[in-house]
Amino acid sequence: MNEEKEVEEQSKPLVLEKLEEHYADALLAQDETRGTVVIVVRKEQVYAVLEYLKTDSELAYTFLVDVTAVDNSQMESELMQFDYARFMVVYQLYSFQGQCRVRVRVPVHENDLNIPSVTALWKGANWLERETYDMFGINFEGHPDLSRILMPDDFEGHPLRKDYPLRGRGERERFNFDKQNA
Amino acid sequence: MQGGLERATGERMVLNFGPQHPATHGTLRIVLELDGESVLKATPHAGYLHTGFEKLGEHLDYNQYIVVTDRMNYLSPLSNNFGYVLAVEQLLDIEVPKRCQYIRILMAELSRVADHLLWLGTAALDLGAFSVFLYSFREREKLYSIFEKTTGARLTTSYTRIGGVLRDLYVGCEEDVRQFVSNFPKALKETHTLLTRNRIWMDRTKGVGSISGEDAISYGLTGPCLRAAGVAHDLRKAEPYSSYDEVTFDVPVGTNGDAYDRYLVRMEEMIQSCGIITQVLDNMPDGPVNLEDNKITMPNKSDAYGHIEGLIHHFKVVMDGHGVETPTGEHYCATESPNGELGFYIVSDGSGTAYRIRIRPPSFFHFQALPHMLEGGMVSDTVAVLGSLNVIAGELDR
């Protein structure tokens, strides 16, 4: 009850207050849109922040809803705001306790696509990170098996990057139907 | 999970299950490493039905994308239509008329029953109970007639629009639905007598594919699979969207998280859905079904043909490069689809086409958790566990 009062008085969500207290240097931006708290976190501290959000007993964002990425190369406003980082890795968390969501966004530069894996925190992160790797080429460090999941193993490129054309790069035309182990 | 590992012989065999197997209900593949009849290791492979839905979302306008959502979970397309337009509407900060919200709930709950019925029939068929399949398809057929009369299609319904629905309910829809709802519990009871205390069914499903609540959360399970593991989480209660706060219903919860509990939870959910449907019909408000905003919804046909303003509005909504334009920003919206949390994460750059659409499909997580439920068990349980999860390849691979 105490915390609820505080939130009302200062009209700032508890999660932002606590993050500012413990991880102020990790936060690049913060916002609250349509009932969801959105924070932008430095890549170096993303694991620590996510672990804190999950394990803190008052916040308890124990449910990893989604991991994905956005290629911002055609989104000028985002590029400007976050030091021309091409990709934004997006984590969606849910707290059963508070019945609320938080979205954690992490800018990733094209020349350094590494980001720590959160498979140690959530088992469900395994395939989500594989899909993000498959579609965007983000390299999750510490992932047990970072292989392609939706595209074939011998596929080249990352289809959800903005520079990958909608109709492909001729894979369909060049497909070898006679290949023995296709 | 009762292990067959004591009978292990030390000889290993690799069994390729799928991608085309009668029990995979789609193109799923599991590589099973066996010792005798016990499963040492199971490796699920996804991607055989990958269709690039997320990439398509960056090239189709908001209304065009509705037809793509039909094809995600093709057993309950109405729920997908609903979840998607809700995400776009929340991004636009608009609320559709009350009657539209009620119609959407009505259709979503009917499709939940239809989805669970198909699941019931095929899961029982996989374990050899053929008559259950016939019983559940008989009921499902009645629902599909209602869908066909309402939307014009049985499978690819595309019923919702941004800011409304395709059209109002047809004349006589209420009677059809009421008749279905009044007969359905009796019909479902027949299935209960066939399966619930059936020795064979219980032996094949009890204690098979168990998962604890904690693991279920860690793996990201949602919907009936999460509730069967004892976690009472339902987005219709937790984050009531589109007038779900105006209906009362119970959230059934299991205890063991095994295939039998998932069966019981789904059975009870169908009954609860019937309760919601009755309440919706009783309180169905009158009024327009579409938002009256010509920048978002299509004008009446008579306006489009008879007035210049109507024609312009029609043109602006349907033409490439015009259409419904969302404000710059991002939004994640989740709905409780029959299988669990179906989420749409939309990033908008202010144009009529999404900059990025991410779909969070419940089946993706259920299929990922499969090794956890299979390893250490018997090979014959694979079909029972896979059946109980209701993995839909369309939404798994998108």
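The rules behind each value
- Residues numbered from 1 in each chain as written.
- Chains lettered and ligands numbered in written order.
- Predicted model: local features only at pLDDT ≥ 70, side-chain atom pairs only at ≥ 80, totals over all residues.
- Helix = DSSP H or I, 4+ residues; strand = E, 2+ residues; numbered from the N terminus.
- Buried ≥ 20, exposed ≤ 12 C-beta atoms within 10 Å, placed from the backbone.
- Contact = placed C-beta atoms within 7 Å.
- Arc of directions from axis to C-beta.
- Nonpolar A, V, L, I, M, F, W, Y, C, P; charged D, E, K, R; others polar.
- Domains from an automatic or database assignment.
- Pairing = 2+ DSSP bridges.
- Axes fitted to C-alpha atoms, helices over the stretch in contact; angles between N-to-C directions.
- Parallel < 35°, antiparallel > 145°, perpendicular 65-115°, else oblique.
- Left-handed = near helix turned anticlockwise from the far one by under 90°.
- pLDDT = per-residue confidence, 0-100.

Some remarks on the overall build of chain A
Helix and strand content of chain A: six helices and seven strands. Considering only C-alpha atoms, chain A reaches an extent of 70 × 35 × 25 Å along its principal axes. The 182 residues of chain A split such that 36% are buried. The long-range share in chain A, meaning contacts at least 24 apart out of those at least 6 apart in sequence, stands at 51%.

Section: helix α3 (residues 46-55) of chain A
Residue and element names in this part refer to chain A. Those residues of α3 that fall on the buried side of the exposure criterion are Val 46, Val 49, Leu 50 and Leu 53. Burial along α3 is one-sided: seen end-on, the buried residues are contained in an arc of 95 degrees. Buried residues along α3 sit against α2 (14-23), β2 (36-41), β4 (87-95), β5 (100-108) and β6 (114-116).

A look at the interface of chain B and chain A
Taken together, the contact pairs 31 residues of chain B with 26 residues of chain A. Counting only elements with at least two residues in the side of chain B that touches chain A, the list comes to α1 (53-56), α8 (213-218), β6 (329-337), β7 (340-348), β8 (354-360) and α14 (362-368) of chain B. Among the residues forming the side of chain B that touches chain A, the class breakdown is ten nonpolar, twelve polar and nine charged.

Side note on the domain arrangement of chain B
Residue and element names in this part refer to chain B. When its domains are assigned, chain B resolves into domain 1 (5-45) and domain 2 (53-93 + 95-292 + 327-397). On a C-alpha basis, the centroid separation for the pair domain 1 and domain 2 is 29 Å. Listed by partner, the interface residues are 18 residues for domain 1 and 19 residues for domain 2. Elements with a minimum of two residues in the side of domain 1 that touches domain 2: β2 (29-35) and β3 (38-45). Considered class by class, the residues forming the side of domain 1 that touches domain 2 number eleven nonpolar, five polar and two charged.

Thoughts on the pairing of strand β1 (residues 12-17) of chain B
Residues and elements named next belong to chain B. Among the six residues that make up β1, zero are buried, leaving the element largely open to the surroundings. Pairing of β1 with β2 involves six bridges; the strand directions are antiparallel. Following the sheet pairing, Leu 15 is matched in β2 by Leu 32.

Considerations on the packing of helix α4 (residues 98-126) of chain B against helix α16 (residues 381-389) of chain B
Residues and elements named next belong to chain B. In the contact formed by α4 and α16, the axes pass within 9 Å of each other and the chain directions differ by 180 degrees. Here α4 lies roughly antiparallel to α16, going by the angle between them. For the pair formed by α4 and α16, the contact residues are Thr 122, Ala 123 and Asp 126 on the first element and Val 383, Gly 387 and Ser 388 on the second.

Side note on the environment of Asp 83 of chain A
All names here are of chain A. With respect to the secondary-structure elements, Asp 83 resides in the loop between α4 (76-81) and β4. Take Asp 83: there are 9 C-beta atoms within 10 Å of it, and that puts it in the exposed class. The spatial distance from the C-alpha of Asp 83 to the C-alpha of Thr 62 is 31 Å, given a sequence separation of 21 residues.

Points about the packing of α4 of chain B against helix α5 (residues 130-151) of chain B
All names here are of chain B. The N-to-C vectors of α4 and α5 enclose an angle of 160 degrees; their axes lie 8 Å apart at closest approach. Judged on the interaxial angle alone, α5 and α4 are roughly antiparallel. As α4 runs across α5, the sense of the crossing is left-handed. Touching Leu 110, Val 113, Ala 114, Leu 117, Leu 118, Leu 120, Gly 121, Thr 122, Ala 124 and Leu 125 of α4 are Phe 130, Val 132, Phe 133, Ser 136, Phe 137, Glu 139, Arg 140, Leu 143, Tyr 144 and Ile 146, all from α5. Looking at the contact of α4 with α5 residue by residue, the classes come out as 15 nonpolar, three polar and two charged.

What to know about the sheet that holds β3 of chain B
Backbone-to-backbone hydrogen bonds join strands into a sheet, with any given pair of strands oriented parallel or antiparallel. Residue and element names in this part refer to chain B. Taking strand neighbours across the sheet as the criterion, the three strands line up as β1-β2-β3 in an open arrangement whose pairing is antiparallel. In the strand order of this sheet, the two ends are held by β1 and β3, each with one partner. Recorded for the sheet is a direction-independent mean angle of 20 degrees between the axes of neighbouring strands. Bridging between β2 and β3 involves seven bridges; their strand directions are antiparallel. When the sheet's bridge partners are listed, Asp 35 is paired in β3 with Ser 38.

Looking at the sheet that holds β2 of chain A
Residue and element names in this part refer to chain A. On the basis of which strands lie adjacent, the open sheet formed by five strands has the order β1-β2-β5-β4-β3 and mixed pairing. Each end of this open sheet is capped by a strand with a single partner; those strands are β1 (27-33) and β3 (63-71). For this sheet, the mean inter-axis angle between neighbouring strands, taken without regard to orientation, is 20 degrees. Taken strand by strand, α3 contacts β2, β4 and β5, and its axis lies near 175 degrees from that of β5.

Details of the confidence of the model for chain A
For chain A, mean pLDDT is 86; residues scoring 70 or higher make up 92% of the total. Between residues 5-9 of chain A, whose pLDDT stays under 50, and residues either more than four places distant or in other chains, the model counts three contacts.

Regarding unusual backbone geometry
Positive phi, close to 55 degrees, is recorded for Asp 83 of chain A, a residue that is not glycine. The phi dihedral of Arg 398 of chain B falls on the positive side, at around 50 degrees, and the residue is not glycine. By the secondary structure assignment, Arg 398 of chain B is in the segment after α17 (393-397). Looking at Arg 398 of chain B, the number of C-beta atoms within 10 Å reads 26, which means it is buried.

What about the confidence of the model for chain B?
Residues with a pLDDT of 70 or more make up 97% of chain B, whose mean pLDDT is 89. Confidence metrics for the complex model read pTM 0.89 and ipTM 0.88.

Digging into the environment of Thr 278 of chain B
Residues and elements named next belong to chain B. With respect to the secondary-structure elements, Thr 278 resides in helix α11 (residues 259-282). By the C-beta count within 10 Å, which is 16 here, Thr 278 ends up partly exposed. Between the alpha carbons of Thr 278 and Val 181 there is a distance of 7.5 Å; along the sequence they are 97 residues apart.

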